[in-house]
Amino acid sequence: MFSFEDYLELVDCTGRISRRGKRGAIDERALPILERLNLDPARWCHRATAFEDSYQDY
């Protein structure tokens, strides 16, 4: 198991890998994903893991 923040970092790092046959890659000079989106990691993690609690049908 790993944290949601670690998962996002893994996705970001994977997206930066450039290899033959891959359609594209995140520019190595780009800021990490949460910084690019100007999101606080702790707040984002809470919102992402409590999504149903925040946005449920009444």
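Conventions we followed
- Residues numbered from 1 in each chain as written.
- Predicted model: local features only at pLDDT ≥ 70, side-chain atom pairs only at ≥ 80, totals over all residues.
- Heavy atoms only, no water.
- pLDDT = per-residue confidence, 0-100.
- Helix = DSSP H or I, 4+ residues; strand = E, 2+ residues; numbered from the N terminus.
- Expected span 1.5 Å × (residues − 1).
- Buried < 20%, exposed > 50% of the residue type's maximum accessible area, 1.4 Å probe, protein only.
- Arc of directions from axis to C-beta.
- Contact = heavy atoms within 4.5 Å.
- Polar contact = N/O pair within 3.5 Å; in protein donor to acceptor, adjacent residues only side chain to side chain.

### Let's talk about the confidence of the model for the protein chain
Mean pLDDT for the protein chain: 76, with 86% of residues reaching 70 or above. When the elements of the protein chain are averaged for pLDDT, helix 4 (residues 51-54) gives the smallest value, 65, and helix 1 (residues 4-15) the largest, 82.

### Remarks on helix 1
Between its first and last C-alpha atoms helix 1 spans 16 Å; for 12 residues at 1.5 Å apiece the expected length is 16 Å, and the two agree. Turning to helix 1, its buried residues number three or more, namely L8, D12 and G15. Down the axis of helix 1, the buried set is contained in an arc of 65°. They therefore lie on one face. Elements that come into contact with the buried residues of helix 1 comprise helix 2 (33-36) and helix 3 (41-49). Of the residues flanking the start of helix 1, the one acting as N-cap is S3, its side-chain oxygen 3.1 Å from the backbone nitrogen of D6.

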